[in-house]
Amino acid sequence: MARIPPGFIEELLTRIDIVEVIDKRVPLKKHGREFSACCPFHNEKTPSFYVSPAKQFYHCFGCGAHGTAIGFLMDYEHMEFPDAVRELASIAGVEVPEESGGQEKASSNAPLYAVLDKAARFYREQLKATPAAVDYLKQRGLTGEIAAQFGIGYAPAGWDNLLKLFDGKDETHRQM
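Described in the following lines is the structure provided in the data block. (Residues numbered from 1 in each chain as written. Predicted model: local features only at pLDDT ≥ 70, side-chain atom pairs only at ≥ 80, totals over all residues. Heavy atoms only, no water.)

1. Here we look at the pairing of strand β3 (residues 34–37)
How we decide: When DSSP finds two or more bridges between a pair of strands, those strands are recorded as paired. Put simply, DSSP marks the helices as runs of H or I at least four residues long and the strands as runs of E at least two long, and each gets a number from the N terminus on.
One ladder, built from three bridges, connects strand β2 (residues 29–31) with β3; its direction is antiparallel. Of the residues in β3, the one forming a bridge with K30 is F35. A loop of two residues connects β2 with β3, the two strands running antiparallel in sequence, and G32 in this loop sits at a positive phi of about 70°.

In structure tokens, the structure reads:
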């Protein structure tokens, strides 16, 4: 199978306006040099989701979600990586070049990465929902920004939290 060259992905991200991509899906408001909105990845009443056009990335200070335009499409639209790249390429009006080789192994691991990403997001959300855990991190000198940057989460009591989180399909259980 063919794979997308990394150089093309970097060039594509420089051509894309992340504000335009996100604003079509989540209405953004100008906030100084950046744009803000309520985060589409968790419920909140005040905006903690920021988009930086200069740095071409988004970040939520509430749940820790962050990334590029590709990552946003993958999370928000539930797209696979190649589909997100193709979507952005169509917006930019360019064709996606493909190299041969290497894709078979990456595509076989893609579902595993999705499972790991969903589990990591769950633990980060649990940290936000557990004031005692947040207080503990504050006592240790960690700010919310540091926790978000390093993806720190909290594992609540219970042995089957992830089993409850996932859909219960046998394939997902094997991946876990």
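Picking up where we left off.
2. Here we look at the packing of aromatic side chains
Put simply, the rule reads: Put simply, two rings from Phe, Tyr or Trp (the six-membered ring, in Trp's case) pair if the centres are within 6.5 Å, and we call them stacked under 30 degrees between planes, edge-to-face over 60, tilted for the rest. Residue burial is assigned from relative accessible area. The probe radius is 1.4 Å, only protein chains are included, and a residue is buried under 20% of its type maximum, exposed over 50%, and partly exposed in between.
Taken as a whole and judged by the stated rule, the model has nine aromatic pairs. Look at Y50 and F61: their rings are 5.9 Å apart centre to centre, the planes differ by 70°, and that puts the pair in the edge-to-face class. Of this pair, Y50 sits in strand β4 (residues 49–52) while F61 sits in the loop between β5 (57–60) and β6 (66–67); the two residues are eleven residues apart in sequence, bridging distant segments of the chain. Centroid distance F122 to Y123: 5.2 Å. Interplanar angle 65°. Geometry classified as edge-to-face. Given a relative accessible area of 26%, Y123 falls into the partly exposed group. Site record: aromatic cluster; members linked through ring pairs are F41, F49, Y58, F72 and Y76.

3. Notes on the side chain of R25
Rule in force here: Whenever a nitrogen or oxygen atom comes within 3.5 Å of another N or O atom, the pair is scored as a polar contact, on the condition that within protein one atom can donate a hydrogen and the other can accept it, and that pairs from neighbouring residues in sequence are kept only if both atoms are in side chains. Contact criterion: two residues are considered in contact whenever any of their non-hydrogen atoms come within 4.5 Å of each other.
The topology assignment puts R25 in the loop between α2 (18–23) and β2. Engagement of the side chain of R25 in a polar contact is seen with the backbone oxygen of V21, the distance being 2.8 Å. Residues in contact with R25, not counting those within four places in the same chain, are F72, L73, Y76, E77 and E87.

4. Considering the sheet that holds β4
Judged by pairing direction, the sheet is antiparallel, and its five strands sit side by side in the order β2-β3-β4-β5-β6 without closing on themselves. Both outer strands of the open sheet, β2 and β6, are each paired with one neighbouring strand and no more. Alignment of β3 against β4, held across three bridges, turns out to be antiparallel. Bridge pairing in β4 links A37 to F49.

5. Some remarks on the environment of I91
As for its position among the elements, I91 is in helix α4 (residues 81–92). Along the primary structure I91 and R15 are separated by 76 residues, whereas in three dimensions their C-alpha atoms are 9.6 Å apart.

6. Let's talk about unusual backbone geometry
Phi at Q56 is positive, roughly 60°, even though this residue is not glycine. At H78, a residue that is not glycine, the phi angle is positive and equals roughly 55°. In this structure, H78 sits in the loop between α3 (69–76) and α4. Judged by relative accessible area, H78 falls into the exposed class, the value being 70%.

7. Re α4
This is how the line gets drawn: Multiplying one less than the number of residues by 1.5 Å gives the expected span of a helix. As used here, the arc is the angular range of directions from the helix axis to the C-beta atoms.
The terminal C-alpha atoms of α4, which comprises twelve residues, lie 17 Å apart, in line with the 16 Å expected from a rise of 1.5 Å per residue. Looking only at α4, the buried set comprises A84, V85, L88 and A89. One side of α4 holds all its buried residues, which, seen down the axis, span an arc of 135°. Where α4 is buried, its residues contact α1 (6–15), α2 and α3.

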